[in-house]
Amino acid sequence: MPHFSFNTPIGPLALFEADDAIVAVDWGWLPDNEESPLLLRARDQLEEYFEGKRQIFDLPLAPHGTAFQRKVWAELEKIPFGATLTYGQLAERLGTAPRALGGACGRNPIPVIIPCHRVLAANGGLGGYSGIDGIETKEILLRLEGLEITNSRVLSPAGKKY
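Just so it is clear, the model here is predicted, and its values are computed rather than measured.

Enquirer: Please set out the sheet that holds strand 2 (residues 13–18) residue by residue, giving values where relevant.
Expert: Taken together, the three strands give an open sheet; going across it, the order is 1-2-3, and neighbouring strands pair in antiparallel fashion. Only two strands of the sheet have a single partner each, and these edge strands are strand 1 (3–6) and strand 3 (21–27). Taken over all neighbouring pairs, the strand axes of this sheet differ in orientation by 20 degrees on average, direction set aside. Both strand 1 and strand 2 contribute to a ladder of four bridges, which runs antiparallel. For serine 5, the partnering residue across the bridge sits in strand 2 and is alanine 14. Its contacts with the sheet put helix 1 (residues 37–50) on strand 1, strand 2 and strand 3, and the angle it makes with strand 2 is roughly 140 degrees.

Right under this line is the structure:
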């Protein structure tokens, strides 16, 4: 499977492509990069995001997961840059339990691009995150999007409402 690794402010990321779509973003560096136009485009868009120049990704995505997980991930893609929802709010929108939703968020194969970092605990706490440094990575991403965080809680409005 073609993959491409590169360095970011949250550490090295590896992008994976299959059937002309991004199927995964993994934490860490893999040897033997296989450049492709799509992988380079994804790298460029992620670099623009980290530089504060991009708020919306324009990439074909094909995350592998159960029907429920794909439904959750599709809903995550609707959360705009700088906005957040709680696990409970997102669960209510999908008619499911917050715990099940949290499990699907934790299995998101395309983090950052599919923004599971924009989902918070009911009290504004950060909850968990699959990133290489866990909550620290989530904090970096939320701060990059303009949210104020103190003591692992989002202080600015639970992000923008949408």
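Back to the text.
Enquirer: I'd like a rundown of the nonpolar core, residues and numbers included.
Expert: Formed by 37 residues in total, the largest nonpolar core has its most connected members in Leu46, Phe50, Val72, Leu76, Cys105 and Val112. Looking at this core, the elements with two or more residues in it are strand 1, strand 2, strand 3, helix 1, helix 2 (67–76), helix 3 (87–94) and helix 4 (98–106). Per element, the largest residue contribution to this core is six residues, and it comes from helix 1. Setting aside anything within four residues of it in sequence, one finds leucine 46 in contact with Phe6, Leu15, Phe57, Val112 and Ile113. By size, the runner-up hydrophobic cluster in this structure holds six residues, among which are Leu120, Leu126, Leu142 and Leu147.

Reading the values: rules and limits
Residues numbered from 1 in each chain as written. Predicted model: local features only at pLDDT ≥ 70, side-chain atom pairs only at ≥ 80, totals over all residues. Heavy atoms only, no water. Pairing = 2+ DSSP bridges. Helix = DSSP H or I, 4+ residues; strand = E, 2+ residues; numbered from the N terminus. Axes fitted to C-alpha atoms, helices over the stretch in contact; angles between N-to-C directions. Contact = heavy atoms within 4.5 Å. Core = buried A, V, L, I, M, F, W, Y, C linked by side-chain atoms within 4.5 Å. Buried < 20%, exposed > 50% of the residue type's maximum accessible area, 1.4 Å probe, protein only.

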